[in-house]
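An overview of the molecular structure
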Amino acid sequence: DRTFPAADYIVLDDAFQYRKLKATGNILLMDYSRPVRKDCLLPFGRLRDLAERQDDADVIIVTKSPRQMDPNERVIYAHNMLGIDDYNPATFEGTSRTGHSQKIYFTYIKYGLCEGVYKSTDPHYIYAKKTILVTGIARDLPLRRYLSDMYKIIRRFNFPDHHKYIWSDINRIQASVRQNPTASVVTTEKDAQRLMDFNGMPQMLMERMFMVPIEMDFLSEEEKKSFKEYIVEL
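Conventions used here
- Residues numbered from 1 in each chain as written.
- Predicted model: local features only at pLDDT ≥ 70, side-chain atom pairs only at ≥ 80, totals over all residues.
- Heavy atoms only, no water.
- Core = buried A, V, L, I, M, F, W, Y, C linked by side-chain atoms within 4.5 Å.
- Buried < 20%, exposed > 50% of the residue type's maximum accessible area, 1.4 Å probe, protein only.
- Helix = DSSP H or I, 4+ residues; strand = E, 2+ residues; numbered from the N terminus.
- Contact = heavy atoms within 4.5 Å.
- Phe/Tyr/Trp six-rings, centres within 6.5 Å; stacked < 30°, edge-to-face > 60°.
- Lys NZ or Arg CZ within 6 Å of the ring centre and 35° of its normal.
- Salt bridge = Lys/Arg side-chain N within 4 Å of Asp/Glu carboxyl O.
- Expected span 1.5 Å × (residues − 1).
- Arc of directions from axis to C-beta.
- Polar contact = N/O pair within 3.5 Å; in protein donor to acceptor, adjacent residues only side chain to side chain.

Now for the nonpolar core. One finds Leu82, Ile104 and Phe106 to be the most contacted residues of the largest nonpolar core, which totals 26 residues. Those elements that place two or more of their residues in this core are β1 (27–31), β2 (59–63), α1 (71–82), β4 (101–111) and α6 (221–233). For Leu82, the residues in contact, after removing those within four places along its chain, are Met30, Arg37, Gln54, Ile60, Val62, Tyr77 and Ile104. In this structure, Val117, Leu195, Phe198 and Met201 belong to the second largest nonpolar core, which totals 20 residues.

Inspection of the entire model under this criterion finds 12 aromatic pairs. With a centroid separation of 5.7 Å and an interplanar angle of 45 degrees, the aromatic rings of Phe92 and Tyr105 are classed as tilted. In this pair, Phe92 sits in the loop between α1 and β3 (93–95) while Tyr105 sits in strand β4, placing the two residues 13 residues apart along the sequence. Accessibility classification places Phe92 together with Tyr105 in one group, the buried group. Among the aromatic residues, those joined into a ring-pair cluster are Phe92, Tyr105, Phe218, Phe227 and Tyr230. Its guanidinium or amino end placed over the ring of Phe16, Arg53 lies 4.2 Å from that ring's centre, counting from NZ or CZ. Across the ring face of Tyr108, the terminal group of Arg67 is positioned such that the distance to the ring centre comes to 4.0 Å.

Attention now goes to the pattern of salt bridges. Enumeration according to the criterion identifies 17 salt bridges in this entry. Across the pair Glu93 and Lys103 runs a salt bridge whose closest N-O atoms are separated by 3.2 Å. Placement of Glu93 in strand β3 and of Lys103 in strand β4 is noted, with a sequence separation of 10 residues between them. Across the pair Asp217 and Lys224 runs a salt bridge whose closest N-O atoms are separated by 3.3 Å. Because the salt bridges share partners, they merge into one network encompassing Lys110, Glu215, Asp217, Glu221 and Lys224.

Helix length check: α1 (12 residues) gives 15 Å between terminal C-alpha atoms against 16 Å at 1.5 Å per residue, within 8%. Taken together, the buried positions of α1 are occupied by Arg74, Tyr77, Ala78 and Leu82. For α1, the arc enclosing every buried residue in end-on projection is 100 degrees, short of the 170-degree limit, so these residues lie on one face. Elements in contact with the buried residues of α1: β1, β2, β4 and α6. Capping of α1 at its N-terminal end is provided by Asp70; its side-chain oxygen lies 3.1 Å from the backbone amide nitrogen of Asn72. Phi turns positive one or two residues past the end of α1, at Gly83, with a value near 75 degrees.

Leu42 connects to Pro43 through a cis peptide bond whose omega is 5 degrees. Along the polypeptide, Pro43 turns up in the loop between β1 and β2. If you check the backbone angles, Lys64 has positive phi at about 55 degrees while not being a glycine. What makes Lys64 partly exposed here is its relative accessible area of 35%. Its identity is not glycine, yet His162 carries a phi of approximately 65 degrees, on the positive side.

Next comes the structure, spelled out in structure tokens:
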């Protein structure tokens, strides 16, 4: 048996649905454009738990928010989308409909510069004016908007979320590259890993395939500091 040192924190993903688990803190991530109160349970919607469970979270982090949101916009969003009437954008605090005190933070997607997926990726293709976009995510619109400032997206392959690539997919992408030999191929960090796991990737794709690094950041330094203080105090 392995002996593990005592842990200061145990972080669980998707554990909010497990009613018997009594966590020290519950952090709920919610897509800005898909608030749970506007959604439905499977199979009629995307929810795997009741929308009312939002009221039991200690922290709600709104992801993929607009880069700029003034205090009034945050108050309106908290009221209309989260059902929180007393949200204070200065303290990031509000009260759920069940009387539970909550912290609400807003974050946005921050994209990095394209990086080669393979060791054999030719860095010269990063300067191509055209690109072929390959994604297996639920919503690729923000990424398309970001890339459109640098490239002309001449072909878009948008596979389902968590897609496992097979030869027919690779052949379609390769055919598009043959039709556009000067174009690069750009994908997400998540898809890059799946593509690297694909056995037998053609060299012509490997040499021009790039991924876009992604990270989330808070809209303000004050929010970031407040969230860190919340974590430390748990």
